[in-house]
Amino acid sequence: MLTALDHVQLAAPPGSEDRLRAYYVDVLGMTETPKPPVLAGRGGCWFRTGAVQLHLGTEAAFRPAKKAHPGLRVTGIDAYAARIAAAGAPVTWDEDLPGHRRFFSEDPVGNRLEFLESLPARD
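Below or above, wherever it landed, is the structure these notes cover.

## Comments concerning the side chain of Gln53
Mapped onto the elements of the fold, Gln53 is located in strand 4 (residues 52-58). Gln53 gets classed as buried once you look at its relative accessible area, which sits at 15%. In terms of polar contacts, Gln53 uses its side chain to reach the backbone carbonyl oxygen of Asp6, at 3.1 Å. Discounting chain neighbours no more than four positions away, the residues touching Gln53 are Asp6, His7, Val8, Phe47 and Arg48.

Shown next, in the form of structure tokens:
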């Protein structure tokens with residue numbers, strides 16, 4: 001029986017770790033978590049905030065994910081979008097998911113990310 005989603009892994013090109021740290025820590029507000037020593041030599045980096053974990057692993061033949069993506073729930077979506085846009089990342093709003101406000105963006109290596117916030121329930 002599945003009980004939870006442990007993490008999502010995205011790919012990144014070798015040598016992009018500093019750009020990823022700047023984005024995921026400084027822009028998204030996540031914390032970098034150390035990789036186990038046996039995995040650290042492979043490159044990449046891991047991030048978390050609360051129960052959300054994103055792992056970025058390096059891949060020599062890297063191609064950014066343009067369709068596949070993690071959906072990240074946020075609070076204060078307008079301020080979050082402004083923070084991401086101020087860092088130079090694209091913000092593309094999408095109104096096609098009932099009951100939510102959401103936008104899509106990209107991390108510094110081009111991986112697609114979705115940010116969404118539930119709308120208050122209507123009576």
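There's more to say after this.
## Focus on the packing of aromatic side chains
Summed over the entire model, instances satisfying the criterion amount to five aromatic pairs. Ring centres of Phe103 and Phe115 lie 5.0 Å apart, and the angle between their planes is 20°; on these two criteria the pair is classed as stacked. Residue Phe103 is found in strand 7 (residues 100-106), and its partner Phe115 is found in strand 8 (residues 112-118); the two are separated by 12 residues along the sequence. Residue Phe115 is classed as buried on the basis of its relative accessible area of 1%.

## Regarding the sheet that holds strand 7
Within the open sheet, the four strands sit side by side as 5-8-7-6. Their pairing is mixed. Taken across any chain shown, the strands that pair with only one partner, and hence form the sheet edges, are strand 5 (71-73) and strand 6 (92-94). Taken pair by pair, the neighbouring strands of this sheet meet at an average axis angle of 30°, ignoring direction. Relative to strand 8, strand 5 is paired through three bridges, and the arrangement is parallel. Bridge pairing in strand 8 links Arg73 to Leu116. Strands in contact with helix 3 (residues 77-86) are strand 6, strand 7 and strand 8; relative to strand 7, the strand with the most contacts, it is inclined by about 10°.

## Details of the pairing of strand 3 (residues 45-49)
Strand direction decides the pairing type here: strand 2 (residues 31-33) and strand 3, joined by three bridges, are antiparallel. Its bridge partner being in strand 3, Glu32 is matched across the sheet by Phe47. By the bridge criterion, five bridges tie strand 3 to strand 4 in an arrangement that is antiparallel. Along strand 4, the bridge assignment pairs Trp46 with His55. Between strand 3 and strand 4, which pair antiparallel in sequence order, lie two residues; one of them, Gly50, sits at a positive phi of approximately 55°.

## Focus on the sheet that holds strand 3
With respect to topology, four strands assemble into an open sheet ordered 1-4-3-2, the strand pairing being mixed. Looking at the sheet topology across the chains shown, the edges are occupied by strand 1 (8-12) and strand 2. Direction aside, the axes of adjacent strands within the sheet are offset by 30° on average. Where helix 1 (residues 17-27) meets the sheet, it contacts strand 1, strand 2, strand 3 and strand 4, and its direction lies at approximately 5° from that of strand 3.

## Notes on the pattern of salt bridges
Evaluated as defined, the whole model comprises six salt bridges. Salt-bridge contacts for Arg21 lead to Asp18; the nearest nitrogen and oxygen are separated by 3.3 Å. Here Asp18 and Arg21 lie together in helix 1, a separation of three residues that amounts to about one turn. With a closest N to O distance of 2.9 Å, Asp78 and Arg101 form a salt bridge. Linking Asp78 in helix 3 with Arg101 in strand 7, this pair joins segments that are 23 residues apart in sequence. The exposure class assigned to Asp78 is partly exposed, which follows from its relative accessible area of 47%. Beyond isolated ion pairs, a larger network of salt bridges with shared partners links Asp18, Arg21 and Glu32.

Cut-off values and rules
For every chain, the first residue of the written sequence is number 1, and numbering continues from 1 along that sequence. Whole-chain, interface and lining totals are the exception, using all residues; otherwise, since this is a predicted model, local features are given only for residues with pLDDT of at least 70 and side-chain atom pairs are given and counted only at 80 or more. Hydrogens are left out, water is left out, and the side-chain values use all remaining heavy atoms of the structure. Each helix corresponds to a stretch of at least 4 residues labelled H or I by DSSP, and each strand to a stretch of at least 2 residues labelled E; elements are numbered beginning at the N terminus. Remark: exposure states derive from per-residue accessible area (1.4 Å probe, protein chains only) relative to the maximum for the residue type, with buried under 20%, exposed over 50%, and partly exposed in between. Pairs of N or O atoms are called polar contacts if they sit within 3.5 Å, as long as, within protein, a hydrogen donor faces a hydrogen acceptor (for residues adjacent in sequence, only side-chain-to-side-chain pairs). Residue contacts follow a heavy-atom distance rule, with two residues in contact if any of their heavy atoms lie within 4.5 Å. Ring geometry is summarised as follows: Phe, Tyr and Trp rings, the Trp one being its six-membered ring, pair when their centres sit within 6.5 Å, and such pairs are stacked at plane angles under 30 degrees, edge-to-face over 60 and tilted between the two. Here the rule is simple: two strands pair whenever DSSP picks up at least two bridges between them. Here an axis means a line fitted to C-alpha atoms, over the contact stretch when the element is a helix, while the angle between two N-to-C directions is reported on a 0 to 180 degree scale. The salt bridge criterion pairs a side-chain nitrogen of Lys or Arg with a carboxyl oxygen of Asp or Glu, the two atoms within 4 Å.

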